[in-house]
Amino acid sequence: MKKFLTIFAALVLSATALTGCGGSKPASTATEQPAAKEETKTEAKADAKAPELTTSVLVIDGKEYTFPIEIADLLADGWTIAEDKLATEYAAGELKAETGSIAIKKSDSDKFFIRGVYNPDTSAAQPLSKCRLMGVQFTFSVAPDTTVVFPGGATEKSTYDEIIKLYGDPDAATDFAGARKTETMLAYDQYKTNGNNFNFNFEEDGKPSSFIFMAAE
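Predicted model only: the values in this text are computed from it and were never measured.

Basis of the calculations
- Position numbers for residues start from 1 in each chain and track the written sequence from start to end.
- With pLDDT at 70 or above as the cut-off, local features in this predicted model cover only qualifying residues; side-chain atom pairs require 80 or more to be listed or tallied, and sums for whole chains, interfaces and linings still use all residues.
- Think of the side-chain values as coming from all heavy atoms in the structure, minus any hydrogens and water.
- Joining through side-chain atoms within 4.5 Å is the link that ties buried Ala, Val, Leu, Ile, Met, Phe, Trp, Tyr and Cys residues into a set, and such a set is a nonpolar core.
- The buried label applies to any residue whose accessible area, calculated with a 1.4 Å probe on protein chains only, is under 20% of its type's maximum; exposed applies above 50%, and partly exposed to all values in between.
- Runs of H or I in DSSP of at least four residues are treated as helices and runs of E of at least two as strands, each being numbered from the N terminus.
- What makes two residues a contact is simply this: any of their non-hydrogen atoms within 4.5 Å.
- Salt bridges, as used here, are contacts in which a Lys or Arg side-chain nitrogen is within 4 Å of a carboxyl oxygen on Asp or Glu.
- Any two strands with at least two DSSP-identified bridges between them are counted as paired.
- Only Phe, Tyr and Trp rings take part, Trp by its six-membered ring, and two of them pair if their centres are within 6.5 Å. Stacked means planes under 30 degrees apart, edge-to-face means over 60, and tilted covers everything else.
- As used in this structure description, the phrase polar contact means that two N or O atoms lie within 3.5 Å; if the pair is within protein, one of them must be able to donate a hydrogen and the other to accept it, and residues adjacent in sequence are counted only when both atoms belong to side chains.
- Think of pLDDT as the predictor's per-residue confidence, scored from 0 to 100.

Glancing now at the nonpolar core. Within the largest apolar cluster, 37 residues are counted, with the highest numbers of intra-cluster contacts made by F67, L133, F150, Y167 and F200. For this core, the elements supplying multiple residues, two or more each, are β1 (57–60), α3 (71–76), β7 (110–118), β9 (132–139), α5 (160–167), β12 (183–188), β13 (197–203) and β14 (208–214). Every residue in contact with F200, bar those within four places of it in the chain, is listed here: F150, A154, I163, Y167, T184, M185, L186, Y188, S210 and F211.

Written out as structure tokens, the structure reads:
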């Protein structure tokens with residue numbers, strides 16, 4: 001697990017340059033959503049209780065998911081993954097950090113991305129469809145309809161200052177002089193209550209860009 005987290009941490013340093021779905025364009029905001037749909041989203045989020053930091057529960061689109069979670073359980077719950085990605089094999093017992101190029105989606109604007117996969121079968125390689133999801137990334141510019149509540153209360157609307165208030169001083173941070181010079185990052189490695197990892201990226205104005213969660217093994 002330690003080796004995996006080291007690899008993951010290295011990948012996270014370039015997370016602000018990722019849009020998550022290789023080549024996907026941000027969903028257009030020109031078309032107004034029906035009022036009924038907006039009300040449903042608002043109500044779902046209002047009812048979503050923030051998980052305690054001692055848990056590994058994420059509330060995605062108003063529903064609780066406990067991580068790590070089987071890919072098969074997400075598929076059974078109505079999420080989809082491209083067939084060619086589902087067929088990708090992972091070595092026996094492999095715990096692999098991904099780059100955020102594999103989308104788990106309900107629509108082009110309601111999706112999140114894979115950042116960590118584990119094959120629990122120690123005797124044979126298995127396709128992604130039979131593996132376990134360890135880490136996820138939410139990229140808000142390409143998935144504006146996705147809502148999420150992290151353990152501890154961070155949401156897709158949490159600002160830079162709000163994250164520090166929720167989680168305290170980070171283990172690592174980059175300022176606006178980073179690779180893209182438009183974003184900043186707060187990293188919480190091996191969070192003291194449960195060993196989970198959190199990485200929060202923000203635009204220059206402090207608004208959220210992408211959030212990453214990696215569950216402890």
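Next, the rest of the story.
Right, let's get into the pattern of salt bridges. Evaluation of the coordinates by the stated rule reveals 4 salt bridges. E70 is the partner of R132 in a salt bridge, and the nearest nitrogen-oxygen pair spans 2.7 Å. Of this pair, R132 sits in strand β9 while E70 sits in strand β3 (residues 69–70), and the two are 62 residues apart along the sequence. Take E70: its relative accessible area is 27%, and that puts it in the partly exposed class. With its nearest N and O atoms 2.7 Å apart, the salt bridge here joins D108 to K105. Residue K105 is classed as partly exposed on the basis of its relative accessible area of 25%.

Put simply, side chains in a regular strand alternate between the two faces of the sheet. Here β1 shows a buried face lined by V57 and V59 and a second buried face lined by L58 and I60. As defined by bridge partners, β1 adjoins strand β2 (residues 63–66) across 4 bridges and the pair is classed as antiparallel. Bridged to V57 within β2 is T66. Where β1 and strand β10 (residues 148–149) come together, 2 bridges link them in antiparallel fashion. Residue pairing across strands places V59 opposite V149, the latter belonging to β10.

Per the stated rule, a full pass over the model turns up 18 aromatic pairs. A centroid spacing of 5.9 Å and a plane angle of 80° characterise the contact between F67 and F213, whose relative ring orientation is edge-to-face. Highlighted residues: F67 in the loop between β2 and β3 and F213 in strand β14, separated in sequence by 146 residues. With a centroid separation of 5.2 Å and an interplanar angle of 45°, the aromatic rings of Y167 and F198 are classed as tilted. Of this pair, Y167 sits in helix α5 while F198 is found in strand β13, placing the two residues 31 residues apart along the sequence.

For the rest of this paragraph, the subject is the side chain of N196. Within the secondary structure, N196 sits in the loop between β12 and β13. Overall, the relative accessible area of 0% leaves N196 in the buried class. Within the structure, N196 has its side chain in polar contact with the backbone nitrogen of A216 (distance 2.9 Å). For N196, the contacting residues outside a window of four places in its chain are T55, S56, Y188, D189, Q190, Y191, F213, M214, A215 and A216.

Quick look at the sheet that holds β10 now. One open sheet accounts for 3 strands, arranged β2-β1-β10; its pairing is antiparallel. Across the chains shown, the open sheet's two edge strands, defined by having one partner strand only, are β2 and β10.

Our next topic: the confidence of the model for the protein chain. Looking at the protein chain, pLDDT values average 81 and 74% of them are 70 or higher. Below pLDDT 50 for its whole length, residues 13–46 participates in 44 contacts with residues either more than four positions away or in separate chains.

Turning to the environment of N197, a few remarks are in order. Here N197 is to be found in strand β13. Along the primary structure N197 and M214 are separated by 17 residues, whereas in three dimensions their C-alpha atoms are 4.9 Å apart. For N197, the side chain forms a polar contact with the main-chain oxygen of G195, separated by 3.5 Å.

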